Amino acid sequence: METPETVPLKKTDAGHAARPQQFAQAAVTESSEAVISARQFSFFYGAKCGVDQVSMAIRSGSVTAIIGPSGCGKSTFLRSINRMNDLIPGSRAQGVLAVNGHNVYDKRTNLVNLRQQVGMVFQKPNPFAKSIYDNICYGPRLQGIRSRGRLSEIVEKCLRDAALWDEVKDDLHKSALALSGGQQQRLCIARTLATRPNVVLMDEPCSALDPIATARIEDLIAQLKGAYTIVIVTHNMQQAARVSDETAFFCLGKLIEYDRTEKLFTNPSKKETEDYITGRFG
Amino acid sequence: MKTLLRQIQDKGFTTASAGAVLLIAAALLVVLIPMFGRGITAVIFTETVEFRRLQKDLHGRGDNEHLARALADAAAVREPIYTMLREFSEGIDTEPLVKQARDVYQKYGEYLNYHNTPKEQYSDYRKQAKDVRDGLVDALESDDRQTVLDDLDAVLKEKDNPAFADSPAMEFFAMAQRYKKIAETVDLSHRAEYLTNLQEVTAAIRQLLGPLPGEPTPPLWMDQYGATRLDMALKARAALLYDEQWISDGPGKPMVKHIIARKEQFAGTPLEPLFDRVEADWDKLLQPRLRIYWQYFFDDWVNSHYFGGVGPEILGTLLLTLMSMCVAIPLGVISAAYLVEYAGDTVWIKIIRMCINTLAGVPSIVYGLFGLAFFVVTIGAIGKPCILAASLTLSILVLPVIIRASEEAIRAVPQTYREASLALGAGKFRTLVLVTLPAAGPGILTGIILSLSRAAGETAPILFTGVVAMGPIPNFGSPSQWLENPGSLFGWLFQPTRALSYGSYDIAVGDRISMLAPHQQFGMAMTLILLTVALNVAAILIRSRLSRKLRGC
Ligand SMILES: Nc1ncnc2c1ncn2[C@@H]1O[C@H](COP(=O)(O)OP(=O)(O)OP(=O)(O)O)[C@@H](O)[C@H]1O
Ligand SMILES: [Mg+2]
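Residues numbered from 1 in each chain as written. Chains lettered and ligands numbered in written order. Predicted model: local features only at pLDDT ≥ 70, side-chain atom pairs only at ≥ 80, totals over all residues. Heavy atoms only, no water.

Thoughts on the overall build of chain A
Inclusion rule: Numbering of helices and strands runs from the N terminus; a helix is a DSSP stretch of H or I covering at least four residues, while a strand is a stretch of E covering at least two. Think of it in three bands: with a 1.4 Å probe and only protein chains considered, a residue is buried below 20% of the maximum accessible area for its type, exposed above 50%, and partly exposed in between. In this analysis, two residues are considered to be in contact whenever any of their non-hydrogen atoms come within 4.5 Å of each other. The protein chains shown are the only cover counted for residues, whose accessible areas, like all others here, come from Shrake-Rupley with a 1.4 Å probe.
Of the regular secondary structure elements, chain A holds 11 helices and 10 strands. Out of the 282 residues in chain A, the part that is buried amounts to 55%. Sequence-distant contacts in chain A: of pairs separated by 6 or more residues, those separated by 24 or more amount to 69%. Total accessible area on chain A stands at roughly 12100 Å², and carbon and sulfur atoms take up 49% of it.

Description of the nonpolar core
For the record, the criterion: What we call a nonpolar core is a set of buried Ala, Val, Leu, Ile, Met, Phe, Trp, Tyr and Cys residues that are connected through their side-chain atoms within 4.5 Å.
Ranked by size, the top nonpolar core spans 82 residues in total, and within it Leu136, Phe172, Ile205 and Leu274 of chain B carry the most contacts. In this view, Ile205 of chain B contacts Ile81, Tyr82, Leu85, Gly210, Leu212, Leu240 and Leu274 of chain B; residues no more than four positions away in its chain are not counted. Within the second largest apolar cluster, 58 residues are counted, among which are Leu142 of chain A together with Ala390, Ala499 and Leu535 of chain B.

Description of the environment of Val278 of chain B
Structurally, Val278 of chain B is set in helix α12 (residues 272–280). Considering only alpha carbons, one finds Val278 of chain B and Ile292 of chain B, 14 residues apart in sequence, at a separation of 27 Å.

A look at the site of ligand 1
Residues and elements named next belong to chain A. Stated formally: Near is defined per residue: the residue qualifies when any heavy atom it owns lies within 4 Å of the molecule or strand. Polar contact criterion, stated in full: a pair of N or O atoms within 3.5 Å, where within protein one must be able to donate a hydrogen and the other to accept it, and residues adjacent in sequence count only if both atoms are side-chain atoms.
Near ligand 1 you find Tyr45, Lys48, Ser70, Gly71, Cys72, Gly73, Lys74, Ser75, Thr76, Ile88, Glu204 and His235, and these make up its full shell. Within the side chain of Lys48, an N or O atom sits 3.4 Å from an oxygen atom of ligand 1. At a separation of 2.6 Å, an oxygen atom of ligand 1 approaches a polar side-chain atom of Ser75. When the free accessible area of ligand 1 is taken as 630 Å², the share hidden by the protein chains comes to 65%.

A short note on unusual backbone geometry
Working note: non-glycine residues mostly have negative phi, and peptide bonds are mostly trans. All names here are of chain A. Although it is not a glycine, Arg196 sits at a positive phi angle of roughly 55°. Assignment of secondary structure puts Arg196 in the loop between α7 (181–193) and β7 (199–203). The class for Arg196 is partly exposed, based on a relative accessible area of 33%. In this structure, Leu252 is a non-glycine residue whose phi angle is positive, near 50°. Of note, Leu252 is situated in the loop between β9 (246–251) and β10 (254–260). The class for Leu252 is exposed, based on a relative accessible area of 74%.

Digging into the packing of aromatic side chains
Selection criterion: Aromatic pairs are defined between Phe, Tyr and Trp rings, using the six-membered ring for Trp, whenever the two ring centres lie within 6.5 Å; interplanar angles under 30 degrees are classed as stacked, those over 60 as edge-to-face, and all others as tilted. We call a charge positioned above a ring when the Lys NZ or Arg CZ atom is no farther than 6 Å from the ring centre and deviates by at most 35 degrees from the ring normal.
Scanning the entire structure with this criterion turns up 22 aromatic pairs over all chains. When the centroid spacing of 6.3 Å and the interplanar angle of 85° are considered together, the rings of Tyr225 of chain B and Phe307 of chain B count as edge-to-face. Remark: Phe307 of chain B occurs in strand β6 (residues 307–308) and Tyr225 of chain B occurs in the loop between α9 (221–224) and α10 (230–241); sequence separation between them is 82 residues. Using a relative accessible area of 4% as the deciding quantity, one classes Tyr225 of chain B as buried. Note on Tyr306 of chain B and Phe307 of chain B: the rings are 4.8 Å apart at their centroids and 70° apart in plane angle, and the pair reads as edge-to-face. Every member of this aromatic cluster is reached through a ring pair, and the members are Phe41, Phe43, Tyr45, Phe77, Tyr105 and Phe250 of chain A. Sitting above the plane of the Phe128 of chain A ring, Arg191 of chain A keeps its charged end 4.5 Å from the centroid.

Considerations on the pairing of β10 of chain A
Residues and elements named next belong to chain A. Let me state the cut-off plainly: Should DSSP find at least two bridges between two strands, the strands are regarded as paired.
Strand direction decides the pairing type here: β9 and β10, joined by six bridges, are antiparallel. Within the sheet, the bridge partner assigned to Glu246 lies in β10 and is Arg260. Between β9 and the antiparallel strand that follows it, β10, lie two residues; Leu252 among them carries a positive phi value of about 50°.

Some points on helix α19 (residues 428–457) of chain B
Threshold: The span one expects for a helix is its residue count, reduced by one, times 1.5 Å. At every residue, the bend is computed as the angle between two fitted axes, covering the seven residues ending there and the seven beginning there respectively.
Between its terminal C-alpha atoms α19 of chain B stretches only 38 Å, short of the 44 Å expected from 30 residues at 1.5 Å a residue. A bend of about 55° at Gly441 of chain B is the largest found in α19 of chain B, and the proline Pro442 of chain B appears one to four places after it.

Looking at helix α7 (residues 170–185) of chain B
If you check α7 of chain B, its first and last C-alpha atoms are 24 Å apart, about what 16 residues at 1.5 Å a residue would give, namely 22 Å. Close packing links the buried residues of α7 of chain B with α3 (64–92), α4 (95–114), α5 (119–141), α6 (145–157) and α8 (191–209) of chain B.

Some points on the confidence of the model for chain B
Spelled out, the test is: For every residue, the predictor reports its confidence as pLDDT, a number between 0 and 100.
Summarising the model, chain B shows a mean pLDDT of 85, and 99% of its residues fall at 70 or more. Interface confidence in the predicted complex, given as ipTM, is 0.82; pTM for the same model is 0.77.

What to know about the confidence of the model for chain A
Reading fine detail from the predicted coordinates is not recommended where pLDDT is low. Overall, the predicted model of chain A reaches an average pLDDT of 82, with 88% of residues at or above 70. Low pLDDT, under 50, characterises residues 1–31 of chain A; the stretch is placed with 47 contacts to residues that sit more than four places away or in other chains.

A word on the sheet that holds strand β2 (residues 48–59) of chain A
Residue and element names in this part refer to chain A. We count it as follows: To obtain each axis, a line is fitted to C-alpha atoms, and for helices this fit is confined to the stretch in contact; angles are then taken between N-to-C directions over 0 to 180 degrees.
Strand order in this open sheet of four strands is β2-β1-β4-β5, and the pairing throughout is antiparallel. Pairing within the sheet leaves two strands with one partner each, and these edge strands are β2 and β5 (102–103). Bridge count for strand β1 (residues 34–45) against β2 is eight bridges, and the pairing is antiparallel. Across the sheet, Ile36 pairs through a bridge with Ile58, a residue of β2. Set on the sheet, helix α2 (residues 74–81) makes contact with β1, β2 and β4 (91–99); between it and β1 the angle comes to about 120°.

Topic: the sheet that holds β10 of chain A
Residues and elements named next belong to chain A. Overall, mixed pairing links the six strands, which are arranged β6-β7-β8-β3-β9-β10 in an open sheet. Of all strands in the sheet, those with a lone pairing partner are β6 (118–121) and β10, marking the two edges. Sheet twist, expressed as the average angle between the axes of neighbouring strands with direction ignored, equals 20°. The sheet contact formed by strand β3 (residues 63–67) and β9 spans four bridges and is parallel. From the neighbouring strand, Ala65 faces β9, where its bridge partner is Thr247. Strand contacts of α7: β6 and β7, with the helix running at about 170° to β6, the strand carrying the most contacts.

Considering the pattern of salt bridges
Residue and element names in this part refer to chain B. To keep it simple, the criterion reads: By convention in these notes, a salt bridge is any Lys or Arg side-chain nitrogen within 4 Å of a carboxyl oxygen on Asp or Glu.
In this structure the tally under the stated criterion is 39 salt bridges over all chains. In this structure, Lys127 and Asp131 form a salt bridge, with 3.4 Å as the shortest nitrogen-oxygen distance. Note that Lys127 and Asp131 are positioned in helix α5 at a spacing of four residues, about one turn of the helix. Taking relative accessible area as the criterion, Asp131 reaches 42% and is therefore assigned partly exposed.

A word on the packing of α8 of chain B against α10 of chain B
Residues and elements named next belong to chain B. Spelled out, the test is: An angle counts as roughly parallel when it lies under 35 degrees, as roughly antiparallel when it exceeds 145, as roughly perpendicular when it falls between 65 and 115, and as oblique in every other case. Should the near helix be turned anticlockwise from the far one by less than a right angle, the crossing is termed left-handed; should it be turned clockwise, right-handed. Polarity classes work like this: nonpolar for Ala, Val, Leu, Ile, Met, Phe, Trp, Tyr, Cys and Pro, charged for Asp, Glu, Lys and Arg, and polar for all others, with Gly in that last group.
In contact at an axis separation of 8 Å, α8 and α10 are set at 160° when each is read in the N-to-C sense. Between α8 and α10, the angle falls in the class roughly antiparallel. The way α8 lies across α10 gives a crossing that is left-handed. Listed contacts from α10 to Val201, Ala204, Ile205, Gln207 and Leu208 of α8 are Ala233, Ala236, Arg237, Ala239 and Leu240. Residue classes in the contact of α8 with α10 are distributed as eight nonpolar, one polar and one charged.

Points about the interface of chain B and chain A
It is common to give the size of an interface as the accessible area that goes away when the parts come together. Definition in use: Summed over both partners, the accessible area lost on bringing two parts together, with a 1.4 Å probe, is the buried area.
Taken together, the contact pairs 20 residues of chain B with 25 residues of chain A. The contact between chain B and chain A buries some 1900 Å² in all, and 64% of this surface belongs to carbon and sulfur atoms. Taken as a group, Glu419, Ala423 and Leu424 of chain B account for 33% of the area that chain B buries against chain A, more than any other trio of residues on that side. A salt bridge links Arg79 of chain A to Glu419 of chain B; the nearest nitrogen and oxygen atoms lie 2.7 Å apart. The interface formed by chain B and chain A contains four residue pairs in polar contact (both at pLDDT 80 or more). Of all the elements in the fold, those that place two or more residues in the side of chain B that touches chain A are α18 (415–423), α19 and α24 (518–551) of chain B. Looking at the side of chain B that touches chain A, the element that brings in the most residues is α18 of chain B, giving eight residues. For the side of chain B that touches chain A, the residue count by class is nine nonpolar, seven polar and four charged.

Re a positive patch on the surface
To keep things clear, this is the line we draw: Only residues whose relative accessible area exceeds 30% and that take part in no salt bridge are eligible for patches, with like-charged residues grouped when within 9 Å of each other and nonpolar side chains (Val, Leu, Ile, Met, Phe, Trp, Tyr) grouped when within 5 Å. For the purpose of counting charges, residues Lys and Arg are taken to be positive, whereas Asp and Glu are taken to be negative. His and the chain ends are not included. The atom standing in for a charge is NZ when the residue is Lys, CZ when it is Arg, CG when it is Asp and CD when it is Glu.
Judged by side-chain charge, Arg545, Arg548, Lys549 and Arg551 of chain B come together as a positively charged surface patch. Judged by relative accessible area, which is 54%, Arg551 of chain B ranks as exposed.

Here it is, written out as structure tokens:
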């Protein structure tokens, strides 16, 4: 089993520079501390095992990519982190999956707090059928922020962070559904940022986008790095190599290899990993 | 080859489905167009001067001066008709004349007393007057022209008798003179026949022009006016001008309808010119002209819908429908949300679902009886049929429809919407209220539209629970009453009401109104359809706005 604590850090100053002031508290000071740590974590859909005995720790402020063949449990693992899988009847978790040191599958876990800390961006852009403004305000309003000035401030900050501000600043009150797919996805990212999470989970955020929109989102991830801990599932290995600090390779529900991205792609220690990244898989 | 087959299949399916849609549309039109065509005549029709008079008397509508002029015009051409009728009927229907002759005799006796006539002279004069009277009565009661003329001549001979000079008895001779003129023209041997025909003619004229002059005012409004609409007037005119008789050509032969012109029936009599006059002066008699009686939708009825409109019925239907929706929509949507979002897939939930599906198919009369037993009888607070009981019954009727439609709509909301909301830290309830229900809005509204029409049109559920055929209009009270007693704001909930659906039924099965005034029946059915359409259009507009918003346009 890898011990991520031993992996040398690759700090990017750019990430810190782009960190928005108001979310400064989201950044954990001891950036070497694990924000997410799984110990012997398994997840079952009824009798079927989606994630099998995974142990890994994810550093605060890092970008972690999860790769692996289809159906290997990447989404399952990701969605376990903020317990989005709870919705599925008959699902069940085993082992420990901790965020900021608290086991999320503890009975006492407050789901609302957890999900405010751990935001999620989905594969398909899913903005609400509301205005751009209201989409972003959804989270803050839930947190009880009512003041118009404060909300406008948040909207602008989040849109700027999501690199969408310049494109939509004139029609904030237009429906979010009138945006293009790439813009919608960035809006969803902005919406997630507006709840001031520590961790942002992204499940194939670029799979529905064209190369230009993909590039913008990758830029965005690079900018957010440091301020947020980002876990991204992707099928695009170039993307994983480009955006991530660390990479985890899953296969058949098991974590096969977890290492620095450079290392994993240039010098994988496992045979399966090598087969997969060189395209000889299956 | 294969593609050709596929193309044919495709084309065939398209044609068949388009045909099916067209067929349904055609069937709808076949039903609706005649319904509307006849219903609209309750609102747009050719009125007569009688209708204007009615509107003036009932509601004070219309210009006084105009109406007075129109009535004067009409009276000018009606007068000769009445005179002809009166003169002729004096010859035929002699009973009033006989009575008059007896009255004259009596008056003569009083006259003699008054003038202190000496005793012998008195009895002599009385005897002479009695002879004259008997002669006159004989003449009046005889069917033979010669006898009549002889009797009248004998009476008229006494004209210069000094005993009668300047006395009321002179009236005998005036009567004899008048009747002689009639006896010379009218074939008295057919008097019985004339008498029945005359009664029919008089009835037709009453239908056409209202009560004859000198007749006492009838108690019902409907009898106080002639034909108020051209279609009714034409019917009365046909009865006036033509006699319809069923005559068998011989024993055992079937009866055949014969149409006989009244003009021929009364040929040679003083009544003959009447029929030509009616035709010639037709426009002046009734002064028909187009009327758009929009007040139909606001007026109350008069004489069980013989006159008037459907205002209270519309109000009642609206109250019942909207009230039942106020109850059914929240209940239905909450139940649907619970079933989809909260309830597991347990046996109990399955049973509940099955019950809801079964309820959707229960005949509406069963709901009516349930409403009677539960809301009216069992719940003491309601205690009698009223709007509240009726709308609660209706709401139970439409609840399954709303629940099922809402369930489908909520289920159809993409899971990603819920996930997006949950991932932002919203709880289950917030997600439901802020995201799922708005997204399901159009689907829920579809269920509401379906149930609106059903609630507005149902008769059986409200039959025993709060609807009446005739009764007061729901009384909402006044602001001052509300201030005094806030409870009175809801007083109307505990009053019965009229409704379009039940009104249509009542006219149809009730009494002769559906025959006398068919426009009223069709008018009410049309109003019900229009009201349902209006409610639906409103709901559809809301739905399209909502779904446009959801699509982001
Ligand atoms: N709702 C579910 N019910 C039952 N089994 C599920 C469910 N979702 C996923 N699974 C199973 O769990 C396993 C892991 O699925 P998961 O969605 O995590 O794969 P993935 O790595 O995200 O694949 P992909 O790259 O195609 O998205 C799969 O074998 C799948 O069959
Ligand atoms: Mg997946």
